[in-house]
Structure formats: C-alpha cells, structure tokens
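These are the residues of each chain, in order.
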Amino acid sequence: MIRRQRLAAGVCALLAALTAGLAFPGPAAADETGQAAPKVELVLDVSGSMRTRDIDGGTRMAAAKQAFNEVLDATPEEVQLGIRTLGANYHGNDRKTGCKDTAQLYPVSTLDRTEAKTAVATLSPTGWTPIGPALLKAADDLNGGDGARRIVLISDGEDTCQPLDPCEVAREIAAKGIGLTIDTLGLVPDAKTRDQLSCIADATGGTYTSVQHKEQLTDRVGQLVDRAADPVVTPVATEGAGACSSAPSLKSGLYTDREEFGQQRWYKVAVEPGQEVRASVSVADDRAVNPDYGVLLRAVTLHGREIVRGEAAGDGRTDVISTGLRYPRPESDDESASAETVCLQVTNSFSAAAGVKTTPGLPLELTVDVVDGPSKAGDVASFGLGRGWWLLGALVLAGFVAGLLWGWVSRWRVAVWRTN
C-alpha cells in the first residue's frame, strides 16, 4: 500500500514538473538554437541632397533620423546591428577625396541604443554619394560568422563616384557566395535612382522600396531588421562542372553558384532504391538581357534515362526564372543494391544586351531534396508521372458511362413527351 502511494506521488510530481515546463518554458540560449547571431548594417546616405525638404514637410535627413531612432528602439535583442554612413564627413569639392568618404558610425555588435542614437543625432548632410565604396566596406564590416547578414541601404540619389558602378559591386559581393543580402530604399521617385537601387538589390536577392513618407520609411527599415532575426537556411556555395563525371556531389540542401551566359553546369546526387530526388533551380537575370530566354533542368542517370523540365520568358526585364523536377527510384529486391548517381544539368539561354558585362556569371540557386519515395515507381522512365493515370482513366470511364445514361434518359423522356 505504501509503495503504491509513493508511486502515485512520484507520478504526480513528474506530471507537475512536465506541466510547469510546458507552461513556463525556459528561454532558449543563443547557442542552443544552433543559429549564429544575425548581423545587420544600416548604410545611410548623408550627402548634401539629404537637406532637401520634400518628405512630410521636413528634410530627408530628419525623416531618416526619426526612422533610425524608432528602429533602434525596436531592434530584437539577438540582432547585432551597425551603422555606416556615406558622404558624411568631407565638405570639399575634390571628387577623389569625396568618393572615399564612408565611415562606420556604429560597429556591428550587440546594440547599445543610447550610444547608437547619440551617434545618429550628430549627422549633418555634407558631401558626395559614394555608394559603391560604402557597400564594399559594409560587406567587410559583416564579414565572418555563419548567421544571416543584411545591408539596408537608404539613399536619395545616384552614385556620384563612377566608374565604380555600385551595381557591379553588388554582383561581386553576391559572387563571393557569402549569403549577404542588400535591401535598398529610395527617398526620391526618380527613374535613374530607382533603376540603380533596384539593380543593387536584385544582384543579391534583396528588395527595393520607394519611400515618400516618414512612417513608410520607419516601417520598412524595421521590417528588414526584424527579417534578419528570422531563422534562415544559409545557402552553401558550390561550383558546378562542365561534365557530370567531374561534377560536385550534393546532398539535400540549398546551394548557390554562378553560371555564364549560355553555359551549362553539372551536379551529382546519389539516390538509394525507394528514394526520390526533388530538385529546383532559379537563375536571376540580374542585368539587362536580350528578350526570349529560358532555363532548363535535366536529370539523367548513367543508364541513359532522363527527364527535362524548362521555363521560358519572352521579355528582357530583370527577373528570376525557375523550374524543377522529381525523379523517383523504384524499390529493389536486391538488398545489396547500391546508390544510383543522378546527374543534374542546368542550362540557360540568356544573352547579354549590348554593352552589358557578362562576368561574373548569373546567380544560380539550386535546391536538392532526397526523400523517401511516396510509392513504388513501376517505370523509372516515367519519372513518377504515370502513377496517377489510373485515376484519370477511371474518371474518363465514369464520365463516358454517365454520358450514355443521361443520353438514354433524355431520349426516353422526349419519346414519352411526343407520345403524350
């Protein structure tokens, strides 16, 4: 009896502990999640044009300062945030010196809100607009670590430090495969500014937003900073080969690469009996291209069985074009059956517009997922597309029989009506 009471008491204590753990879960430490701290750097244009009064009756600089103060108050604790300026310190007219005018106002680190706000309050619109050099420095500021990295660029004009094209700088940053995203916000609805800032964002998979009001600027910057704290899958940089025999072997995951215009890239995936490989590819035309282009994804085995999926577009606007496929391998009665190599080939038919650089290549993102097959694939050559034909056949047969019955009933009713 005493043993039963003790056992019941122990069970009750265990249930109480479990209930308390569910009701009041302890905070997860940063190292328990396995995710490195996300890093964000706000890059602010402090050139002379930021004195212009066209945002809700105030200057562009005043709107930016207000947005920064509100965003700093709302920045998640786990985000390491820094601030970099461009055009904030040099007052002169020497272009060479003005185009070096970029400085880190607040280092990328755990945020001290008071210190960061004090630093922002000292800013005064001053000089040039060296966007390209500022992006290069910002990328260095965020270098290192495995967490999400994001640059938020706020500017009201075009870069004044050509020939260092900021769009080319963004492509070079993306080509390094470090998973850094650049989002841009334009404070002037100007076509040239919009095109340049859009190009910078597109090159790294970021976004461009045109801003004309204080609240809009604050909300958008806050959204981008919060987005950096979201769990992300960091792409793994890889380099496809010119032939399957020398292609890199990939497992389930997200991969990035660069593909030249009209080039083909090969990758390999091992598939066990009863498994299915699901692959998708996206190629971004991050610069001006000629109309009529497309992307093909081809899966081929060493036995010559293949499937090809593609997508095409007719215009030449900046965009991303994607396609995907599935390849199931049937179960095998042979327990010693080894993995089969499936070669994935990515081909594009882009061609560069006149005067457009072809290097670095177009950004390519490849997703590979090897999973258990949903059912037995009787014919590998059908690549899983035939497993639903029986249902389609049954529906066609049912429709045919229903049509015959309806026709017979209709004719019978017409015959009865004529007789009456």
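Given the structure is predicted, the values throughout are model-derived calculations rather than measurements. (Residues numbered from 1 in each chain as written. Predicted model: local features only at pLDDT ≥ 70, side-chain atom pairs only at ≥ 80, totals over all residues. Heavy atoms only, no water.)

> I'm lost on the pattern of salt bridges in this one. Help?
Pairing between side chains of opposite charge can happen when their charged atoms approach one another. A full pass over the atoms with the stated rule returns 17 salt bridges. Where D183 meets R150, a salt bridge forms, and the shortest distance between an N and an O atom there is 2.4 Å. One end of the pair, D183, is in strand β7 (residues 180-186); the other, R150, is in strand β6 (residues 149-155), and 33 residues separate them in sequence. This pair shows no difference in class: D183 is buried, exactly as R150 is. Residue R329 is joined to E340 by a salt bridge in which the shortest nitrogen-to-oxygen separation is 3.7 Å. Here the residue R329 occupies a position in the loop between β16 (319-328) and β17 (340-348), and E340 occupies one in strand β17, the gap between them amounting to 11 residues. Assessed through its relative accessible area of 16%, R329 is described here as buried. In this structure E340 comes out as buried when scored by relative accessible area, which is 12%. (Salt bridge = Lys/Arg side-chain N within 4 Å of Asp/Glu carboxyl O. Helix = DSSP H or I, 4+ residues; strand = E, 2+ residues; numbered from the N terminus. Buried < 20%, exposed > 50% of the residue type's maximum accessible area, 1.4 Å probe, protein only.)

> Just checking my understanding: could you explain the nonpolar core for this structure?
A general tendency of soluble globular proteins is for nonpolar side chains to be buried together. Grouped together as the largest cluster of nonpolar side chains are 32 residues, with contacts concentrated most on L42, L44, I154, L185, L217, V221 and V225. Where this core is concerned, the elements lending two or more residues are β1 (39-45), α2 (60-74), β4 (80-86), α4 (113-121), β6 and α8 (214-229). By residue number, the principal contributor to this core is α2, which donates 7 residues. In terms of nonpolar packing, the next biggest core, distinct from the first, is built from 27 residues, Y255, Y267, V277 and L325 among them. (Core = buried A, V, L, I, M, F, W, Y, C linked by side-chain atoms within 4.5 Å.)

> Sorry if this is basic, but what is going on with the sheet that holds β16 here?
Strand pairing within a sheet occurs via backbone hydrogen bonds; the two strands may be parallel or antiparallel. If you walk across this open sheet you meet the 5 strands as β9-β11-β18-β13-β16, and the pairing is mixed. Either end of the sheet is taken by a strand with one partner, and the two such strands are β9 (236-237) and β16. As defined by bridge partners, strand β13 (residues 275-285) adjoins strand β18 (residues 362-372) across 9 bridges and the pair is classed as antiparallel. Paired with V283 across the bridge in β18 is L364. (Pairing = 2+ DSSP bridges.)

> Just to check I follow, could you spell out the sheet that holds strand β8 (residues 208-210) for this structure?
Taken in spatial order, the 6 strands of this open sheet run β5-β4-β1-β6-β7-β8, and their pairing is mixed. Strands at the two margins of the open sheet, each flanked by one partner only, are β5 (102-110) and β8. Looking at each pair of strands side by side, their axes are set apart by 15° on average, direction ignored. In this structure, β7 lies alongside β8, joined through 3 bridges in parallel fashion. Considered in β8, the bridge of L185 is made with T209. Along the sheet, α2 makes contact with β1, β4 and β6, crossing β1 at roughly 165°. Across the face of the sheet, helix α7 (residues 191-203) comes into contact with β6, β7 and β8 while running at roughly 160° to β7. (Axes fitted to C-alpha atoms, helices over the stretch in contact; angles between N-to-C directions. Contact = heavy atoms within 4.5 Å.)

> Just checking my understanding: could you explain the state of the cysteines for this structure?
Among covalent bonds in proteins, the disulfide is the one between the sulfur atoms of two cysteines. Counted by the stated rule, this structure contains 3 disulfides. Note that C167 is cross-linked by a disulfide to C199, the S-S spacing being 1.6 Å. An S-S torsion of about -50° defines the bridge between C167 and C199 as left-handed. Taken as a pair, C167 in helix α6 (residues 166-175) and C199 in helix α7 lie far apart in primary sequence, 32 residues in all. (Disulfide = S-S within 2.5 Å.)

> What exactly am I supposed to notice about α6 here?
Every α-helix carries 3.6 residues per turn, so stepping three or four residues along brings you back to the same face. Across the 10 residues that make up α6, a large majority, 7, are buried. Considered for burial, the residues of α6 that qualify are P166, C167, E168, V169, A170, R171 and I173. Here the buried face of α6 lies against α5 (131-141), β7, α7 and β11 (253-259). Between a side-chain oxygen at the N-terminus of α6 and the backbone nitrogen of C167 the separation is 3.0 Å; the capping residue is D165. A positive phi of about 65° marks G177, the residue just after α6. (Polar contact = N/O pair within 3.5 Å; in protein donor to acceptor, adjacent residues only side chain to side chain.)

> Quick question: what am I supposed to make of the environment of E239 here?
Secondary-structure assignment places E239 in the loop between β9 and β10 (249-250). Judged by relative accessible area, E239 falls into the exposed class, the value being 60%. Excluding residues that lie within four positions of it along the chain, E239 makes contacts with P248, D257, R265 and Y267.

> Would you take a moment to explain the packing of α2 against α8 for this structure?
Between two packed helices, what matters for the description is the angle formed by their axes and the separation of those axes. At a minimum axis separation of 9 Å, α2 and α8 run at an interaxial angle of 40°. As summarised for this structure, α2 and α8 are arranged oblique, according to the angle between their axes. With respect to the hand of their crossing, α2 and α8 are arranged in right-handed fashion. Across from A63, A64, Q66, A67, E70, V71 and A74 in α2, the residues of α8 making contact are K214, L217, T218, V221, G222, V225 and D226. In terms of residue class, the contact of α2 with α8 is made up of 8 nonpolar, 3 polar and 3 charged. (Parallel < 35°, antiparallel > 145°, perpendicular 65-115°, else oblique. Left-handed = near helix turned anticlockwise from the far one by under 90°. Nonpolar A, V, L, I, M, F, W, Y, C, P; charged D, E, K, R; others polar.)

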